[in-house]
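# Reading the structure
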Amino acid sequence: MKRDRDRGNTEVAAAGGSSTGKLKMWEEQPQPDAGMDELFAVLGYKVKSTDMADVAEKLEQLEMAMGTTTEDGVSLLSTDTVHYNPSDLSGWVDSMLSEFNPTQIGISGHESSPCSSNLIYDDDLRAIPGGAIFSNYDNKRMKLQQPSPAAVPTAVLVDSQETGVRLVHTLMACAEAVQHNNMKLANALVKHVGVLAVSQIGAMRKVATYFAEALARKIYKIYPNDNSLESSYSDALQMHFYESGPYLKFAHFTANQAILEAFSGASKVHVIDFSLKQGMQWPALMQALALRPGGPPSFKLTGIGPPQPDNSDALQEVGWKLARLADTIGVEFEFKGYVANSLADLDVGIFDISPSNDESIAVNSVFELHRLMARPGGIERVLNLIKSLNPEIVTIVEQEANHNGVVFLDRFNEALHYYSTMFDSLETSGLTRPDSQDSLMTEVYLGRQICNVVACEGVERVERHETLAQWRVRMGSAGFDPVHLGSNAFKQASMLLALFGGGDGFRVEENDGCLMLGWHTRPLIATSAWRLRRV
Amino acid sequence: MSMEEKRGKFCINDNMDVLIEILKRLDDRSLGVAACVCRLWCALTRNDALWEHLCFRHLSPPPPDGVRTVVVALGGYRRLYMVCVKPVLSRLRQGKLIRMGTRHEVELSLSLFCVDYYERLLLGGRIGGADSPSSLMFLCKAVNV
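Residues numbered from 1 in each chain as written. Chains lettered and ligands numbered in written order. Predicted model: local features only at pLDDT ≥ 70, side-chain atom pairs only at ≥ 80, totals over all residues. Heavy atoms only, no water.

## Observations concerning the overall build of chain B
Counting its regular elements, chain B contains 9 helices and 0 strands. Going from N to C terminus, chain B has its helices and strands arranged as α-α-α-α-α-α-α-α-α. In chain B, buried positions account for 39% of the 145 residues. For chain B, long-range pairs separated by at least 24 residues make up 58% of all intrachain contacts whose partners lie at least 6 apart in sequence. (Helix = DSSP H or I, 4+ residues; strand = E, 2+ residues; numbered from the N terminus. Buried < 20%, exposed > 50% of the residue type's maximum accessible area, 1.4 Å probe, protein only. Contact = heavy atoms within 4.5 Å.)

The following block contains the structure:
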């Protein structure tokens, strides 16, 4: 470490020397812009091209100074940074340096020793597209070679908590402007959000970016594509979401436990799944049925899915694979798939239910019922349909949030909190690498929901999530009684969550017989079970 | 008796039942090491019954009969142990002795195992691949719980 530092010091001195020489070269070159460097301007920083050499050199000094003050890689700066004027990069760096070591600032430009190839700032800087600004200082120290266009040095990315708070406030102010139909103000604010978001890292940045995009769509009235392209794509996205965290697994395991308990003693069981997708919920149930004391019942599964754009029979493929699994573990299995654009289009007649079948029926819906509220009468139709099926149990899993309020601003704020928590849990639990496909696709999956909640209206807005309390009222008035999910479900869910990282981040909470998955104190998903009220 | 004669008297490989009894008491890592000794030991340690014993030897009461059929059909006890039982227990017990003790842990492991099988079906219909699908990859990663 020390050796590098010393080498770095002499190089800085040398760079100082060469930079003063270079500085002259800069000034001689024609400056088409107002002297501000374009590449920096993209990021929102105003740095004069003539100052670039100076600023870069100071940043290198700063980085070295930071390097000597870090203990285990955690910069002591990160919590104390106050970034008064983010666009004045030069001034900020000076203030940082003076905090560290007042004497070090004097180094620049003093000792000039000739140095041949130590060119930190050459014309390549102009040619570098996009965000690559500085050369990589570590490379410089080690190799004395041409700089490689590389990442922005870490000094720039030191997280300013103040910027984070400002970001949230700007987002909310923008939403308020939209609420009051003040589009000019909203437009200006949404652009500012973009600038602020770049200075953030991690979950905050992603959430802000998605919300800013959704707000922009709302302001400019550029609505996202309609649902026709979505079905196979959204299945794939949900699969990645399944892989990336415990959310869907929690949903499946808790719902399965309720179904299993409701089916105890039955010899013929029939599950109607409103949300078949890839059928990931059913292997675990089939395995539990296979190992049931007394042997497995015969298991029939009816899956509902949206039409596929390429007319392929995705449902049948899923059914076939489930059949292979059932055959392997020795469960008698039958599958039927029905394609429907919306659950409200279904008719009880197609299900081939009759009392003479002597089968126990369960209806399952994971993240599907809320879509019905986009059209008037949709949810009532489906609840009536469910009642006419006469099921033993109805399992419903929904997002625990109210994203269906009448007032846009309330919806926005609620969604901001909910999805911030979601992204935070994804990042902190650290299951998948941040750049893995699962992570990225999960972000897209959630991003589409955000876009729908914020930017869409009317029948287009399908992500009309409601809270458990709201669903309780709805189900109660439709003629359903709650079924308590027992301690088995609770224990299984707790164990499942304990397998995931994030320390104690993920929690199972029991809420009057229903189970909720939460991240710290915020519930995210709620599973509830229902049966027909017996008069 | 001379030294050579005494030495020649007992060879563990001639007493398979004793060898198996010893192997049954080892943990998974030692079994892996044992598998490298010679071809005979390699074959013996791959015997699924050994791994079944390893999975459930501390479970009381022992798992019901149907479990074996299902587990064997889904890929066998060795796979069950490596993919599900070991990670589940090490995560849940966090350093304490790894032994399958409760019914819930068994059920969870079996459910995850079945999901694992199904995912391999989804991925390409080829069962028997060595790589586990990503849904259970989280169990393979070291996690700071």
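Don't stop here, the text continues.
## Let's talk about the packing of aromatic side chains
All names here are of chain A. Applying the stated rule across the entire model yields 12 aromatic pairs over all chains. When the ring of Tyr 210 is compared with that of Phe 423, the centres are 6.0 Å apart and the planes differ by 40 degrees; the resulting orientation is tilted. Here Tyr 210, found in helix 9 (residues 202-220), pairs with Phe 423, found in helix 15 (residues 408-429); they are 213 residues apart in sequence, far enough to count as distant. Using a relative accessible area of 3% as the deciding quantity, one classes Phe 423 as buried. When the ring of Tyr 247 is compared with that of Phe 506, the centres are 5.8 Å apart and the planes differ by 80 degrees; the resulting orientation is edge-to-face. Of this pair, Tyr 247 sits in helix 11 (residues 247-262) while Phe 506 is found in strand 7 (residues 506-511), placing the two residues 259 residues apart along the sequence. Taking the relative accessible area as the measure of exposure, Tyr 247 reaches 0% and is therefore buried. For Phe 506, a relative accessible area of 8% gives the class buried. The structure contains a cluster of three or more aromatic residues connected by ring pairs, namely Phe 241, Tyr 247, Tyr 445, Phe 506 and Trp 519. Above the face of the Tyr 242 ring, Lys 249 is positioned so that its terminal group lies 4.6 Å from the ring centre. When the ring centre of Trp 471 is taken as origin, the NZ or CZ atom of Arg 474, which lies over that ring, is 5.6 Å away. (Phe/Tyr/Trp six-rings, centres within 6.5 Å; stacked < 30°, edge-to-face > 60°. Lys NZ or Arg CZ within 6 Å of the ring centre and 35° of its normal.)

## As for the interface of chain A and chain B
By a frequent convention, interface size equals the accessible area lost on bringing the separate parts together. The partner chain B presents 33 residues to the 32 residues of chain A that form the contact. Together, the buried faces of chain A and chain B total about 3,000 Å²; carbon and sulfur atoms form 70% of this surface. On the chain A side of the interface with chain B, the three residues burying the most area are A:Leu291, A:Met495 and A:Leu499, jointly 22% of the side's total. Counting the contacts that link chain A with chain B gives 3 residue pairs in polar contact (both at pLDDT 80 or more). Looking at the side of chain A that touches chain B, the element that brings in the most residues is helix 13 (residues 314-329) of chain A, giving 7 residues. Residue composition of the side of chain A that touches chain B, by class: 18 nonpolar, 8 polar and 6 charged. (Buried area = accessible area lost by both parts, 1.4 Å probe. Polar contact = N/O pair within 3.5 Å; in protein donor to acceptor, adjacent residues only side chain to side chain. Nonpolar A, V, L, I, M, F, W, Y, C, P; charged D, E, K, R; others polar.)

## Looking at the UniProt feature "domain: F-box" (unreviewed entry) in chain B
Cross-referencing UniProt, the feature "domain: F-box" (unreviewed entry) maps to residues 17-57 of chain B in the present numbering. Annotation note: span residues 17-57 of chain B, helix share 73%, strand share 0%, distance between end C-alpha atoms 18 Å. (UniProt positions renumbered as here; feature names shortened; annotations may be inferred.)

## So, the packing of helix 13 of chain A against helix 8 (residues 103-124) of chain B
For the pair helix 13 of chain A and helix 8 of chain B, interaxial distance at closest approach is 10 Å and the crossing angle is 135 degrees. Judged on the interaxial angle alone, helix 8 of chain B and helix 13 of chain A are oblique. For the pair helix 13 of chain A and helix 8 of chain B, the sense of crossing is right-handed. When helix 13 of chain A is examined against helix 8 of chain B, the residues A:Val318, A:Lys321, A:Leu322, A:Arg324, A:Leu325 and A:Thr328 are found in contact with a partner set consisting of B:Cys114, B:Tyr117, B:Tyr118, B:Leu121 and B:Leu122. (Axes fitted to C-alpha atoms, helices over the stretch in contact; angles between N-to-C directions. Parallel < 35°, antiparallel > 145°, perpendicular 65-115°, else oblique. Left-handed = near helix turned anticlockwise from the far one by under 90°.)

## Regarding the side chain of A:Ser360
Residues and elements named next belong to chain A. Checked against the element boundaries, Ser 360 lands in strand 4 (residues 360-366). Judged by its relative accessible area of 13%, Ser 360 is buried. Beyond its immediate sequence surroundings of up to four residues, Ser 360 is in contact with Phe 263, Ala 266, Lys 268, Val 269, His 270 and Glu 392.

## Quick notes on the nonpolar core
With 130 residues, the main nonpolar core has A:Phe211, A:Leu215, A:Phe299 and B:Leu80 as its most contacted residues. Looking at which element gives the most residues to this core, the answer is helix 8 of chain B, with 11 residues. Once residues lying within four places of it in the same chain are set aside, the contact partners of A:Leu215 are A:Leu171, A:Cys174, A:Ala175, A:Val178, A:Val190, A:Phe408, A:Phe412 and A:Val454. Core analysis: the second largest hydrophobic core is formed by 28 residues, A:Ala340, A:Leu385, A:Val394 and A:Trp530 among them. (Core = buried A, V, L, I, M, F, W, Y, C linked by side-chain atoms within 4.5 Å.)

## Side note on the pattern of salt bridges
Taken as a whole and assessed by the stated rule, the structure comprises 17 salt bridges over all chains. The partner of A:Arg533 in a salt bridge is A:Asp481, with the nearest N and O atoms 2.9 Å apart. Placement of the pair is A:Arg533 in the segment after strand 9 (522-532) and A:Asp481 in strand 6 (residues 480-483), with a sequence separation of 52 residues. A salt bridge links B:Glu21 to B:Lys24, with the shortest nitrogen-to-oxygen separation between them at 3.4 Å. B:Glu21 sits in the partly exposed class, given a relative accessible area of 36%. Among the ionic contacts, a cluster of salt bridges with common partners joins A:Lys218, A:Arg411, A:Glu457 and A:Arg461. (Salt bridge = Lys/Arg side-chain N within 4 Å of Asp/Glu carboxyl O.)

## As for the environment of B:Ala73
Assignment of secondary structure puts B:Ala73 in helix 6 (residues 66-74). Accessibility expressed as a relative area gives 26% for B:Ala73, which makes it partly exposed. Placed 41 residues apart in sequence, B:Ala73 and B:Cys114 show a C-alpha to C-alpha distance of 9.9 Å. Once residues within four sequence positions are removed from consideration, B:Ala73 is found in contact with A:Thr328 and B:Tyr117.

## Here we look at the pairing of strand 1 (residues 268-273) of chain A
Residue and element names in this part refer to chain A. Of all 6 residues in strand 1, 5 are buried; the element is thus mostly enclosed. The pairing of strand 1 with strand 2 (residues 298-305) spans 6 bridges and is classified as parallel. Looking across to strand 2, one finds that Val 271 is bridged to Leu 301. Viewed along the sheet, the connection from strand 1 through helix 12 (residues 282-290) into strand 2 turns out right-handed. (Pairing = 2+ DSSP bridges. Right-handed = clockwise from strand over helix to strand, strands pointing away.)

## Section: the packing of helix 6 of chain B against helix 8 of chain B
Residues and elements named next belong to chain B. Running from amino to carboxyl end, helix 6 crosses helix 8 at an angle of 30 degrees, the nearest separation of the two axes being 10 Å. As for the relative orientation of helix 6 and helix 8, their crossing is left-handed in sense. Here helix 6 contributes Val 67, Val 71, Ala 73 and Leu 74 to the contact with helix 8, which in turn contributes Leu 110, Phe 113, Cys 114, Tyr 117 and Arg 120. For the contact of helix 6 with helix 8, the class distribution of residues is 8 nonpolar, no polar and 1 charged.

## Topic: the side chain of A:Thr421
Along the polypeptide, A:Thr421 turns up in helix 15. Those residues in contact with A:Thr421 that lie beyond four places of it in its chain are A:Trp519, A:Arg522 and A:Leu524.

## What to know about the environment of A:Arg324
Residues and elements named next belong to chain A. Inspection of the secondary structure puts Arg 324 in helix 13. Residue Arg 324 is classed as partly exposed on the basis of its relative accessible area of 29%. Taking the C-alpha atoms as reference points, Arg 324 and Asn 364, separated by 40 residues in sequence, lie 22 Å from one another.

## With respect to unusual backbone geometry
All names here are of chain A. Phi at Asn 181 takes a positive value of approximately 60 degrees, unusual for a residue other than glycine. Along the chain, Asn 181 turns up in the loop between helix 7 (161-179) and helix 8 (183-198). If you check the backbone angles, Lys 277 has positive phi at about 50 degrees while not being a glycine. By secondary structure assignment, the location of Lys 277 is in the loop between strand 1 and helix 12.

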